[in-house]
Amino acid sequence: MHLLENVRAFSIALFLGLLALGALTLAADGPAVAQESEPSARQSRPAEPAVPIQPAQSSQPAPQAAPTGPAAGTGGDQPSAAASPVLQQAEDQLAQADRELKRITERTNAVEDDDAMLAELRAQVDELSKQIIAASVPTRPRLDEIKARLTELGDPPGEGQPPEDAVITDERKRLLAERGAINALTGRAENLSIEARKLANRITATRRAIFSNTLLRHTDVSVEMLSEAATATLHEAMALSRSIGGWLTFAWNYKRVPLLSALFLSLCAALLFLVGGYRLFSPVLMRPEEADEPTYFRRLSLAFWSTLIPTVALAAFAMSSYFFLSSFNILRPDIAPIIAITLAMGVVLFFIARLASAVLSPSRSSWRLVRVSDRGAKMLMVPIFAMALVNGLDYLLGSISESLGSPVVLTIAKSFVASIIIGLILMSMAWIRPVLRGDEPYDAPGHPWPRVISFSFLLLGAALIATALSGYVGLARFIATQITVTSAILVTVYIGLLTGKSVSRQGAFAETVAGRYLERRFQLEPVALDQFGLFAGLGIYVLVLAFFIPLILLQWGFKTADIESWTYRVLTEIRVGTITISLVGILAGILLFALGFLVTRWVQRWIDRNVMARSRVDAGVRNSIRTGIGYMGVGVAGLIGLSAAGIDLSSLALVAGALSLGVGFGLQNIVSNFVSGLILLVERPFKVGDWIVSGTTEGFVRRISVRATEIETFQHQSIMMPNSLLINASVGNWTHRNKLGRSEIAVTVTYDSDPRRIIELLHDIAAAHPMVLKNPAPNVGFTAFGDDRMTFELRIYVADVLTAGGVRNDLRVSIYERFRDEGIGAPFPMKIEDITPEEEVEGANEEPSVVDEEKVRSG
Amino acid sequence: MKTSAIIIASAVLSAGGANSATVTNKDGEAAVLVIVEGDSRVEMALNAGATETFCLSGCFLTTPSGDRVGLQGDETVEIVEGSVVVK
């Protein structure tokens, strides 16, 4: 912007200079007029403060001008200036001011942090800018004369009018050239003055920064200082009202339509945000009056959204109005920063007020986020808002001072006042009684703060005021700002931690939006949701701390680079003695392990489902292979994870070697069981689903795991049998190679029956059953001559030994019925009691009537 | 109390004693002046017949006619036919 202005001024000067050169060659008697006017001009302004720079130069003739001449661009007006002593003198003064300004700029750069020297330089710059203006003032009367003469000469004749005298034309040309030269000179003075003001502002900004950044700097707080500050304040207020008033008048008169349309458009944007936000979040924002005791999470989300939506709407209004104002070219460079800061401050103050009222909820106790009494909540709102306001105003006025280039003393005085007010507010907070004990209702009168808190309020406030009064205004300001900002951050952290706590509370997560979504999407059980809630709570803790601790550190003046390097060191290199632990490495190790685990699972499933299921591999083998792949994958993932975590495997081997002796003794059983488990998987004496017998344990194998094998008995009792037992002892397996099994049924009949007939009958019965295999064929053995009866045994083969029980049942029923039909007599031993020899013959022919005992085979 | 009264009184006095130039537009139409005060160029609109106070501590003024003048801050300026008249 300024560059553009400079270029424009420069080109105008060049053009006018050339014009002046032309005029001079045309009119030789021009300078006489100028010289004549010079003394009168000097007499008209006798009290010029401009003179001190060059008291002896006024009478210097033209030849002197060339060496002291300024930049080449304005060289063109030299001949004209040479003709007029007034211009010549102004030219020389400007050139000297230019040199002086360069010298001061160099010195300013040299003494960056010397406040006293900077103050002195600033005074010099002020004096210089006065001189620059003073140098241009003497050209004014000459300009007036030229204008008057030009008016006398009148406009040049238009086309068709008779031509005027050549003398008049020449004089007009000459006068116009001189006028141009004067304007070019003034333009140069203008630019120089702008540069001087910029330098002055830079010096002030440096001094302000020195004041803000140097904490332990003693400032003399005295009546003079305060009165100086009050004067500066009045000046600043006048300057502010003038520039704002001027701007408003200008904008209203010349840019009314853009101004109004900018305001209208930004109001539209704000309305859009406000209505849209409320529409979108109306289910969240509704405050159902009947809900007496909303959950903590509900309260939090309401506080969050009811703070966020209006703040965003206001911010949208502020940003869009600034955007429209600046894009419609209404803002002026001196007004723009003031408007921007004011808008930003308004948004921040609104946000703080809104947040405080959402957290404290003074009118609705059931929606309050912190447990304080009704009265306490109302009273706490006041100092919180007041502190925010004072801090905000301090900042706002500071920025205004900066953009208006006010003296540093104003900044100091403002900070002084702000620190004292904040100290008083802090002390007043000690007397609020917001604390509620136990389960007191919200409308209870409330108790005072705990002694520690109220005492620290008083102490902090008093210390702040004392610091400010004793002259350490910079320190007081720093502390005051820190108290407000840090406590605001701490309150936010506290609420964040409360959120984490309330999310991880049992059953709380299921009521949140995320919880409901997870429940709907993945059909999660309440237990799983609860675990999610626990993780979410932990995550919130971590996020809150990871975000706000650096924020507080930054507030306290630590640099981002420091925090970064600390974080980096904490994450990558924690030294404990000679051991270096890297959190990132450990995390990467865990991640790699998890990844390896997932890949293993995926490979397991893929091989199981696609390769083995298609190849009709036996279920037990599939299980073995799956388990084997699982062990291998987890082992490899573990190794990768360990090496990624930076744990040296060779040193681990050393440790393992040293420990192996101890392990050999202490973990002997476990290791032997583990190895046995591996052998079981490789050798496969039994598989999952087999029916095995080992010692007294009999049942189906349900699972072969690292240490033990789970066997489920027929009574559904699970027995964990250590793998080593299954390796060392003999194991019977009914279903090892195939499920074919033999089953026997004992049949006893009296000696009255014909054994051949019995064998034939039994054969028939067995062959009739569909589940009895034809090959190997069933056979019948005549196994024993008992005292009273003969014993036969029907041996049958079934395809699946597990079905043998049912087959035997069927066969027994068939045998019983067949024998009864054939009149053979009971196929089982009968006790014959108190039977006389005569009756015995009759009894033997009778049908069996009483079943006393059956030989029961297991299974 | 006494101190603050002194401070305010002295401030008012010193502020009242500060320089300021006034500009009056004698033309029949509004004029736009470019004022260089401090480190920025500012456009000031002046309605016909209006008077404005400006230039607390020296400034440069560019008139509608394109002439530039330096002001020390205690002048009375009139705009006549788009041109500046310093009194």
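Residues numbered from 1 in each chain as written. Chains lettered and ligands numbered in written order. Predicted model: local features only at pLDDT ≥ 70, side-chain atom pairs only at ≥ 80, totals over all residues.

Under the annotation held in an unreviewed UniProt entry, chain A carries the name MscS Mechanosensitive ion channel and is attributed to Sinorhizobium medicae. The UniProt entry for chain A carries the following text under Subcellular location (unreviewed entry): "Cell membrane". (UniProt positions renumbered as here; feature names shortened; annotations may be inferred.)

Our focus in this paragraph is the overall build of chain B. Looking only at helices and strands, one finds 1 helix and 8 strands in chain B. In chain B, of all internal contacts separated by at least 6 residues, the share reaching a separation of at least 24 is 44%. (Helix = DSSP H or I, 4+ residues; strand = E, 2+ residues; numbered from the N terminus. Contact = placed C-beta atoms within 7 Å.)

Residue and element names in this part refer to chain B. Ordered by their spatial adjacency, 4 strands build an open sheet running 4-1-7-8, and the pairing between neighbours is mixed. This sheet does not close on itself; its edge strands, each paired only once, are strand 4 (51-54) and strand 8 (83-86). Each strand axis lies, on average, 25 degrees off the axis of its neighbour in the sheet, ignoring direction. (Pairing = 2+ DSSP bridges. Axes fitted to C-alpha atoms, helices over the stretch in contact; angles between N-to-C directions.)

Overall, antiparallel pairing links the 5 strands, which are arranged 6-5-4-3-7 (chain A) in an open sheet. Looking at strand neighbours, the two that pair on one side only are strand 6 (718-722) and strand 7 (732-733) of chain A, the edges of this open sheet.

The next subject is the interface of chain A and chain B. Across the boundary between the two partners, chain A contributes 39 residues, which contact 33 residues of chain B. For the side of chain A that touches chain B, the secondary structure elements donating two or more residues are helix 6 (115-136), helix 7 (139-153), helix 8 (166-213) and helix 9 (223-254) of chain A. The element contributing the most residues to the side of chain A that touches chain B is helix 9 of chain A, with 15 residues. Taken together, the residues that form the side of chain A that touches chain B break down as 15 nonpolar, 14 polar and 10 charged. (Nonpolar A, V, L, I, M, F, W, Y, C, P; charged D, E, K, R; others polar.)

Residues and elements named next belong to chain A. Taking 1.5 Å of rise per residue, the 25 residues of helix 10 (residues 256-280) would be expected to cover 36 Å, and the 36 Å separating its terminal C-alpha atoms lies within 8% of that figure. Those residues of helix 10 not exposed but buried are Ala 262, Ser 266, Ala 270 and Phe 273. Buried-residue contacts for helix 10 involve helix 12 (296-327). (Expected span 1.5 Å × (residues − 1). Buried ≥ 20, exposed ≤ 12 C-beta atoms within 10 Å, placed from the backbone.)

Tracing the backbone through its elements, the reader meets Ser 487 of chain A in helix 17 (residues 473-504). The sequence separation of Ser 487 of chain A and Ile 552 of chain A amounts to 65 residues, and the corresponding C-alpha distance is 9.5 Å.

On to the nonpolar core. Considering soluble globular proteins, one finds that nonpolar side chains tend to be buried as a cluster. Ranked by internal contacts, the top residues of the largest apolar core, which has 59 residues, are Leu 94, Ile 132 and Ala 196 of chain A together with Ile 35, Met 44 and Leu 61 of chain B. Examining the composition of this core, we find that 13 residues originate from one element, helix 8 of chain A, more than from any other. Excluding residues that lie within four positions of it along the chain, Ala 196 of chain A makes contacts with Leu 101, Val 125, Leu 128, Ser 129 and Ile 132 of chain A. Core analysis: the second largest hydrophobic core is formed by 45 residues, Leu 226, Phe 416, Ile 420 and Ile 422 of chain A among them. (Core = buried A, V, L, I, M, F, W, Y, C linked by C-beta atoms within 7 Å.)

All names here are of chain A. Looking at where Arg 437 falls in the secondary structure, it is placed in the loop between helix 15 (408-429) and helix 16 (451-469). On the basis of neighbour counts, which here come to 9 C-beta atoms within 10 Å, the residue Arg 437 falls in the exposed class. Taking the C-alpha atoms as reference points, Arg 437 and His 447, 10 residues apart in sequence, are found 7.7 Å from one another.

Right, let's talk about the pairing of strand 4 of chain B for a bit. All names here are of chain B. Burial of strand 4 is one-sided: the residues Glu 52 and Phe 54 facing one way are buried, the residues Thr 51 and Thr 53 facing the other way are not. Judged from the 4 bridges that link them, strand 1 (residues 21-25) and strand 4 form a sheet pairing that is antiparallel. Opposite Ala 21, over in strand 4, you have Phe 54 as the bridge partner.

Next up on the list: unusual backbone geometry. Residue and element names in this part refer to chain A. Here the bond from Asn 775 into Pro 776 is cis, since omega is 0 degrees, no more than 30 degrees from zero. Tracing the backbone through its elements, the reader meets Pro 776 in the loop between helix 26 (755-768) and strand 9 (779-785). Phi angles above zero are rare outside glycine, and Asn 329 is one such case at about 65 degrees. Of note, Asn 329 is situated in the loop between helix 12 and helix 13 (336-360). A positive phi angle is found at His 716, which is not glycine, with a value near 60 degrees. The topology assignment puts His 716 in the loop between strand 5 (708-712) and strand 6.

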